[in-house]
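Listed here are the chains, written in short residue letters.
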Amino acid sequence: MKVGHVVAFVSKDGAFGGPVAVAVGQSKELAALGHNVSLLAGWDGALQLNTQGLEQKLFRVFRPFGARLTGIVSPGLLRHIWTSRNDYDVLHIHLGRDLTTSLAAAVALLRGVPFVAQTHGMVMPDNRFSVRLFDSVLMRRLLAASVRTFTLSSSEEDGIRVVSRGAATTSMITNGIKQDARGRATAARVRPQVAFLARLHPRKKVMVFAEAAARLLAAGTEAEFVIYGPDEGDLPELLKFLREKNLPGLIYKGAVAPGEGSSVIAESDIYVLPSIGEVVPMSVLESMAVGTPVVLTRDCAMAPKLAESGAALVTDGTVEQIAESISLLLSDSVYAASLVENAASLVKTYYNVTVIAGQLEDSYEDALASR
């Protein structure tokens, strides 16, 4: 099959995060299964995206409505979909309420190119007038026209039904990954490294991580706490906090380009994601794949699965519990190793991207039948 995976934006600072990682991972696995797969994306004009032989077609974006990611648009990508109707049997659109992917889906609909949608938790009921207007004018029609809309959880499935007013055909899949043969690479460091890697958005709770790190360092913990991620609102507060505390062991190192996150995590002894409202974050899967123990919050759809399997330390998201969990993993290497072993087992089975690619193939066949 000829498949095009459409994502809104790839950039040097990795601002679009998880959907890009998911699209690249799925595309590589589908290509390995013998399909002709292209990654189609809006582009900042700077990133050199390493997709290891996967065909990529990147198109510059413009920001007619300011800096917000939802307002970016890529005329070149829309033109490509319009003129390349026969180049793709199906489009897999990683759909959000942004102009790039929503208009890409609209163009596919107008041109008669079948598409499936994957919303990554980005299309949920929202009572703001602007969102309700956008949904009534466009999103509801796109969800109804999609051959299938992939969701990550039952709550997301319920949300899609509400937004589409029951018109969407939904199917639950999980995000997946392959076991990373590199493993963790931390032997050369004097002090263990604890990493935060996410957008600096209020939902990601970087300040909880920073406060937990400061508390542990003040108590004499021998570790280095490193923060990575592009700013989406919390960077000024973080930098102010770092200046005030002036702790050498707490560092902000800026954004990480797409594809480099797993290397950063592989060089860390613990990965901490204190955010709320997560579903199946790729950074957690990357940690599980490289063998870095994970601390996350129970406000994450995959948390019960990981807790039940003994594959991560699940907390209530408070500074106290985050700090206690980090301290436990730093002091108990046997327990940390058990989390890593159990996480590796889940990656081989439940979060196996090869299995997920097979599920996608079945949906693509349905799309071809509808053409």
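These numbers come from a predicted model, not from an experiment. (Residues numbered from 1 in each chain as written. Predicted model: local features only at pLDDT ≥ 70, side-chain atom pairs only at ≥ 80, totals over all residues. Heavy atoms only, no water.)

### Topic: the packing of helix α3 (residues 99-111) against helix α4 (residues 129-145)
Relative orientation of the contacting elements α3 and α4 amounts to 55°, with a least axis distance of 10 Å. Regarding the angle of α3 to α4, the classification is oblique. The handedness of the crossing between α3 and α4 comes out as left-handed. Here α3 contributes L99, S102, L103, A105, A106 and L109 to the contact with α4, which in turn contributes F134, L138, L142 and A145. Classifying every residue of the contact of α3 with α4 by side-chain character gives nine nonpolar, one polar and no charged. (Axes fitted to C-alpha atoms, helices over the stretch in contact; angles between N-to-C directions. Helix = DSSP H or I, 4+ residues; strand = E, 2+ residues; numbered from the N terminus. Parallel < 35°, antiparallel > 145°, perpendicular 65-115°, else oblique. Left-handed = near helix turned anticlockwise from the far one by under 90°. Contact = heavy atoms within 4.5 Å. Nonpolar A, V, L, I, M, F, W, Y, C, P; charged D, E, K, R; others polar.)

### Here we look at the pattern of salt bridges
Taken as a whole and assessed by the stated rule, the structure comprises 11 salt bridges. K178 serves as the salt-bridge partner of E29, at 3.2 Å between the closest nitrogen and oxygen. Note that E29 is positioned in helix α1 (residues 18-32) and K178 in the loop between β7 (170-172) and β8 (193-197), a separation of 149 residues in sequence. By relative accessible area, E29 is classed as buried at 6%. Overall, the relative accessible area of 47% leaves K178 in the partly exposed class. (Salt bridge = Lys/Arg side-chain N within 4 Å of Asp/Glu carboxyl O. Buried < 20%, exposed > 50% of the residue type's maximum accessible area, 1.4 Å probe, protein only.)

### Digging into unusual backbone geometry
Comment: phi is negative for the bulk of residues other than glycine, and the bulk of peptide bonds are trans. For R165, which is not a glycine, the phi torsion comes out positive at approximately 55°. In this fold, R165 is placed in the loop between α5 (154-164) and β7. Judged by relative accessible area, which is 66%, R165 ranks as exposed. Positive phi, close to 60°, is recorded for K205, a residue that is not glycine. Structurally, K205 is set in the loop between β8 and α6 (206-218). Residue classification places K205 among the partly exposed positions, given a relative accessible area of 30%.

### Some points on helix α13 (residues 353-369)
Its 17 residues give α13 an end-to-end C-alpha distance of 24 Å, which sits within 8% of 24 Å, the value for a rise of 1.5 Å per residue. Every buried residue of α13 is accounted for by V353, I356, A357, L360, S363, Y364 and A367. Around the axis of α13, the buried residues are gathered within 120° of arc, so they sit on the same side. Exposed residues lying more than 90 degrees from the buried face of α13 are D362 and A369. Looking at the buried positions of α13, the neighbouring elements they touch are β1 (2-10), α1, β4 (90-94), β5 (115-118) and β6 (149-151). (Expected span 1.5 Å × (residues − 1). Arc of directions from axis to C-beta.)

### Here we look at the sheet that holds strand β9 (residues 224-228)
A sheet is described by the order of its strands in space; here six strands give the open sequence β10-β9-β8-β11-β12-β13, paired in parallel fashion. Where the open sheet ends on each side, the last strands, each with one partner, are β10 (250-252) and β13 (313-315). Across the sheet, the mean angle from the axis of one strand to that of its neighbour is 20°, orientation sign disregarded. Of the strand pairs in this sheet, strand β12 (residues 294-297) and β13 are connected by three bridges, and their pairing is parallel. Looking at the pairing, T297 lines up with T315 of β13. Along the sheet, helix α9 (residues 282-290) makes contact with β8, β11 (270-273) and β12, crossing β11 at roughly 165°. (Pairing = 2+ DSSP bridges.)

### A closer look at the side chain of S268
With respect to the helices and strands, the residue S268 is situated in the loop between α8 (261-266) and β11. Classification of S268 by relative accessible area gives buried; the value is 0%. A distance of 3.0 Å separates a polar atom in the side chain of S268 from the backbone oxygen of V264. (Polar contact = N/O pair within 3.5 Å; in protein donor to acceptor, adjacent residues only side chain to side chain.)

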